[in-house]
Amino acid sequence: MDNEFVIVGAKRTPFGKYLGSLSEMEPLDLAVHAGRAALSAQGKDLSGEIDQIFVGNCIPGSFEGASVTGRQIGLKLGVDRFTITVDTACCSPLTALRLALWGLRLGELSTALVIGVESMSRVPHSSRELRSGVRIGEVKLKDWIFPITYPGYNSVAVDASDGAVKYDVPKNMLDAWSMACHRKWANAREAGKFDDELAPIMATKGRERFLFAADESPRPEGTLAAIQQLPLIFGSKTTTAGNAPGLNDGASAVVIMTASKARALGLEPLGTVVEASGETDMPYGISWIPALTIKKVLEKAGLSLDRCDLIEINEAFAAMPLVSTKILADGDRDRWFELLKKTNVNGGAIAMGHPVGASGLRILMTMMYELRRRGGGTGVAAICGGLTQGEAVLLKA
Amino acid sequence: MSEVTYLLDKESRVATLVIDTAGPVNTIGQQFLKDLETAMARAEQDEVRGVIFVSGKKKSFLDGANLKEILTDATPQLCRITVTRFQQALAFLAKSAFPVVAVLNGQTAIGGGFELLLWACDHVFATPGSKMGLAEVTVGLFPAGGGTQTLRRAVGFKTAVEMITTGRVGSADAFATAPFMTVCESGELLSHARAWLEEHQGVVNRNYDPSYREPDPISDEEKQQVVNKARFRSTICPYRPYLLAAIEALEAGLTLPFEDAVRNEVDLFVPLLFHPNARNKIDLFFLTTSVGPKLAKVDQRLAVKADRLAVIGAGLMGQGIAQVAADRGISVTLIDVDEARVKESLANIDRTLEDLVSRGRWTAARKAAVMANLTCAADYKDLRDIPLVIECVFEDLTLKKKVLAQVQAENPNAIFASNTSTIPMADISQGAARPEQVVGMHYFSPVPLMPLLEVIQGPSSSPAAVATAVTCGRAMGKTVILVGDGPGFYTSRTFGQYVLNGFRLVEMGLSPWEVDLLALQAGFPQGPLHVYGTAGGNVIFHASGYMAERFPDRMAIPESLVRLHEAGYVGAGKPSFYLDPRKMLPDESVMQHIVRVEGAAKPSDEEAKDILLLGMANEAFWCMSNGVLRDYASMDLGAVLGIGFPDCWHGPARYVSLKGLTAVRDRLQMLADKFGMPGLRPAPEFDMLAACGLDSSLI
């Protein structure tokens, strides 16, 4: 039986900023656009090859119809195959990929389409009070994305900050990492490094119709000093709007299949998914869960971190890559700094944005294309999710 | 809303143009230009018998260009159009058939606003408190609204060169003898203006009058000499293109006709807006005016109301602090060991202020108010009801601790602010009855002139103590940076490294005067060895000894400094590197006390400049690594306002950003290795930033 699974298509929409260029686009259409782009990435339409679809999405309320959002996407793509929609918060698209990997390993599937999508600009305010009527007084409308929190737990901004404090990552460094993120993105973009992954999309906003071709959030002309002056948010010790990503819109998609099928179809394998793992810790451990998940996936694959040429850790906050790499370096400063130099080399969510259900596949494909540009190698991509779950993927390209 | 309102008095046919632009001060932007043009066209159409410019704002008549607007999406073409448009409006008014005047009622006309008075207006009526000047060079630009040509016709060539190259702003009294100005009281402004217009129908604007004679006339050769002198001063450091442009424009006026000379201003001005050093100065202006007041974030509700304070130690520093506080309406008790000494200090303040009054800089009323707010005492019992005590005694830990104990024995609730320049709060407050009341307020000398205050948060300082120090400092008109504790805090430590590096260069074989010249070329206001003599060698020796003790591996005291101190070469009246520090005449005899480092390589000029400039920047970065500094805005603001880091570079953080962090780190490491200077070992901050992948964009 086949035991090598390869990615043969990986594309995403450019990420729009909050209330920006994609804010009037339906998440359904973003997902379909990314899906189509991934399916046809190698010049032939792979729709007919798909055995199952896996979709990650955190806030289905942003869709016009808020259930079986994955199936809606599949139907609009014209792929009438069983579709699973999963929510493990920001882990969702990588959980979806892991589900696909299970199916492939079991031999039940030979090809799967994996999609992640989020439209944070389109999340409605809502109220539970209206259904039974309001007798008197004001009605409070809940905002599901401000702050992002879960009943009975801290805001994630606070947990991220506490993690930075616990592992002695100073605010100055969180801010420096964040400014660097914008610069790294700008340098990468100038070198055309996002051309492989981006699928420009015709967008409509108001009366405007335009081609949306590049990430909209990065602010490479900013300064570290300006970031340092931003106020702390949600009562955290170090988190500001400057060392966190925005609330974004976008979708990403990956086609994964057995290596033998790729050979049979004459497709070039873009990367091989070696292993994938999920991990949890106490609900406040969101900043370090990428480290624990990376350790787990490496152990499972019998590989040491030194063998990894690139690391991608999603920047839900600047604390995530910094705390996690520090743990992976066992607190050794020199080793930590060496790890940082191969982490998120083309920038991350703080610049590009973090459409929560789409970022997982984005970090995977950004890393995959960078490995290919470097002539191949091994990389590990990890993401944290709400209430402290983590997903990590080990990939060779 | 129109930014220039046109009001026509039907009977007299005199139009009043009221300037009131968006924002707290009147500035020149696109909207202003458009509205000015509309108002001018109406005046012409209505065939008015005169125009009076007034301002709708209380303190601002018209204060220069709206730089934020001009620099947003700026292109050279757009900037050229804007400047030309402003010049054309001024020329139109000057050449119009009707006379034009302006009235200033205690308001300011800076930069482009003053140029409106100098070019478009046939006469100006101002109250004594009104202020005007061409301050463009202080924001990295130069007067390009005709200023380099029109000011000389108002005040004479020599004064014009001085005012433009220094950016000096003067009160109306200073122009009282200028033929275009009438200084009068507020109530008489408009009546005088109207009468003048009536009497001067058909007047020819002085800028277009071939028979007009410039005040203070000097020969063409003398004018050229004035230009040459100014050019010599301004070209020592090649990174101030705005000064060069100003001098070029002034010089061009010596040969070109008026209209060509003002057009020439535009050619010189436009590229300047895109020059990195000019941008640094503009950004520094915004850092000081917009960011500065928001730095040092404290909870103001915690601040103790300091409407009264006491200053202990009535030396020069104490007198300065007392004077500035009293000038801001705070009632001050000045305390020293005996009554006679305090009385002498008060007399000294009195003399200083009297001098200001006699030179017309201050009104007698202002001086009287200051003196009324000052009382003296020699007994700590007088501290009982005073909420804030600022200590300025000699820089000696034992003495400071003793003063603290005495103060807290009388009034344990008082916030105790130490005006130390080097001793950490942790040391001063150690063993104190209430260490949480202790905070640092590090002023700079001379206090009335230096804009910076460094507030030091010690490990025990309470939030209330820090809030009080910051709030009181702001009330005294200072730009406040808040820093963490440590020997020499931020500014003294960083400045100390600059002076010590000067000594080290001399020990490696450069002449002291060469080192000072190189420092000026790098953009410093004063060379390190010159500073040694003017700031006082005793202070520097003691501070250096203290720093060497605290940072033995990076700030060892140069042997020559010890020798000079022993030999009594300590400046401030005693011998130093100069026979006369003002005229900068070298005192060669100093060389007998200089110890040459055996076998050391002699740094090239470029290396020496980098040792001074990057050495200072590196120490600032060490302060970031040590947590003394917490942000880059405070780093740059403190370095330029407090310790003479070249303003044309905006500060250490901007300088390093422009040069590239990695390049600076490598250069520092090279210099440290080559010359055996451990102080130049790059700060860990560089490694952290490099690990994050940041090579620029600090500020």
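Everything numeric in this text was worked out from a predicted model, so none of it was measured. (Residues numbered from 1 in each chain as written. Chains lettered and ligands numbered in written order. Predicted model: local features only at pLDDT ≥ 70, side-chain atom pairs only at ≥ 80, totals over all residues.)

## Re the overall build of chain B
- Counting secondary structure elements, chain B contains 27 helices and 20 strands.
- Taking 2.2 N^0.38 as the reference for a compact globule, 699 residues should give roughly 27 Å; the C-alpha atoms of chain B span a radius of gyration of 27 Å, in line with that estimate.
- A principal-axis box enclosing the C-alpha atoms of chain B has dimensions of 80 × 60 × 50 Å.
- Put simply, 74% of the contacts in chain B that link residues at least 6 apart link residues at least 24 apart. (Helix = DSSP H or I, 4+ residues; strand = E, 2+ residues; numbered from the N terminus. Rg over C-alpha atoms; globule rule 2.2 N^0.38 Å. Contact = placed C-beta atoms within 7 Å.)

## Structural notes on helix 15 (residues 397-410) of chain B
Residues and elements named next belong to chain B.
- Here helix 15 spans 20 Å end to end across 14 residues, near enough to the 20 Å set by a 1.5 Å rise per residue.
- Lys400, Val403, Leu404, Val407 and Gln408 are the residues of helix 15 that are buried. Projected down its long axis, helix 15 shows its buried positions confined to an angular sector of 125 degrees, all on one face. In helix 15, those exposed residues whose orientation departs by more than 90 degrees from the buried face are Thr398, Lys402, Ala405 and Ala409.
- Turning to helix 15, the residues buried within the fold contact strand 11 (308-312), strand 14 (388-391), strand 15 (415-418), helix 16 (425-429) and strand 16 (438-443). (Expected span 1.5 Å × (residues − 1). Buried ≥ 20, exposed ≤ 12 C-beta atoms within 10 Å, placed from the backbone. Arc of directions from axis to C-beta.)

## Some thoughts on the nonpolar core
- Counting residues in each nonpolar core, the largest one holds 268 residues, and the members touching the most others are Val114 and Ile256 of chain A together with Val389 of chain B.
- At twelve residues, helix 23 (residues 605-625) of chain B tops the list of elements feeding residues into this core.
- Residue-level mapping places this core at the junction of two domains, with at least three residues from each of domain 2 (300-485) and domain 3 (492-692) of chain B.
- In this structure, Val389 of chain B is in contact with Leu309, Ala310, Ile312, Leu383, Val407, Ala414, Phe416 and Ala417 of chain B, ignoring residues within four places of it in sequence.
- With 89 residues, the next largest nonpolar core counts Ala15, Ala144, Tyr242 and Ala278 of chain B among its residues. (Core = buried A, V, L, I, M, F, W, Y, C linked by C-beta atoms within 7 Å. Domains from an automatic or database assignment.)

## Structural notes on the domain arrangement of chain B
Residues and elements named next belong to chain B.
- Per the domain assignment, the segments of chain B are domain 1 (4-274), domain 2 (300-485) and domain 3 (492-692).
- On a C-alpha basis, the centroid separation for the pair domain 2 and domain 3 is 29 Å.
- Listed per partner, the contact involves eleven residues of domain 2 and 14 residues of domain 3.
- Broken down by secondary-structure element, the contributors of at least two residues to the side of domain 2 that touches domain 3 are strand 17 (452-457) and strand 18 (479-484).
- Ranked by the residues each element gives to the side of domain 2 that touches domain 3, the list is headed by strand 18, at four residues.
- Residues that form the side of domain 2 that touches domain 3 fall into these classes: five nonpolar, four polar and two charged. (Nonpolar A, V, L, I, M, F, W, Y, C, P; charged D, E, K, R; others polar.)

## Side note on the interface of chain A and chain B
- Taken together, the contact pairs 17 residues of chain A with 18 residues of chain B.
- Sort the elements by how many residues they give to the side of chain A that touches chain B and helix 5 (residues 171-190) of chain A lands first, with eight residues.
- In the side of chain A that touches chain B, the residues fall into nine nonpolar, five polar and three charged.

## Remarks on the sheet that holds strand 9 (residues 169-171) of chain B
All names here are of chain B.
- Reading across from one edge, 4-6-8-9 is the order of the four strands in this open sheet, with mixed pairing throughout. In this open sheet, the two edge strands, each paired with only one partner strand, are strand 4 (60-63) and strand 9. Between one strand and the next, the sheet's axes are offset by a mean angle of 15 degrees, whatever the strand orientation.
- Of the pairings in the sheet, the one linking strand 6 (residues 108-110) to strand 8 (residues 131-133) comprises three bridges and is parallel in character. Note that in strand 8 the partner of Ile110 across the bridge is Gly133. (Pairing = 2+ DSSP bridges. Axes fitted to C-alpha atoms, helices over the stretch in contact; angles between N-to-C directions.)

## Section: unusual backbone geometry
- Each neighbour pair has its own omega, and for Phe146 of chain A with Pro147 of chain A the value is -15 degrees, a cis peptide bond.
- Relative to the elements of secondary structure, Pro147 of chain A occurs in the loop between strand 4 (111-119) and helix 4 (156-166).
- Residue Pro446 of chain B is bonded to the preceding Ser445 of chain B through a cis peptide linkage, with omega at -5 degrees.
- Along the chain, Pro446 of chain B falls in the loop between strand 16 and strand 17.
- Phi is positive for Asn344 of chain A, close to 50 degrees, though the residue is something other than glycine.

## As for helix 3 (residues 76-95) of chain B
Residues and elements named next belong to chain B.
- When the terminal C-alpha atoms of helix 3 are compared, their 28 Å separation across 20 residues agrees well with the 28 Å that a helix rising 1.5 Å per residue should span.
- The complete set of buried residues in helix 3 reads Cys79, Thr82, Val83, Phe86, Gln87, Ala89, Leu90, Leu93 and Ala94. Take helix 3 and look down its axis: the buried residues cluster within an arc of 150 degrees, on one side only. Those residues of helix 3 that are exposed and aimed more than 90 degrees away from the buried face are Gln77, Gln88 and Lys95.

## Concerning the packing of helix 18 (residues 491-507) of chain B against helix 24 (residues 632-643) of chain B
All names here are of chain B.
- For the pair helix 18 and helix 24, the least separation of the axes is 10 Å and the interaxial angle reads 65 degrees. In terms of crossing hand, the pair formed by helix 18 and helix 24 is right-handed. On the side of helix 18, the interface is formed by Thr491, Thr494 and Phe495, while helix 24 contributes Gly638, Ala639, Gly642 and Ile643. (Left-handed = near helix turned anticlockwise from the far one by under 90°.)

## Topic: the environment of Gln52 of chain A
Residue and element names in this part refer to chain A.
- By the secondary structure assignment, Gln52 is in strand 2 (residues 52-56).
- Taking the C-alpha atoms as reference, Gln52 lies 21 Å from Cys90; in sequence the two are 38 residues apart.
- Excluding its chain neighbours within four sequence positions, the residues that come into contact with Gln52 are Arg81, Phe82, Gly103, Leu109 and Ala112.

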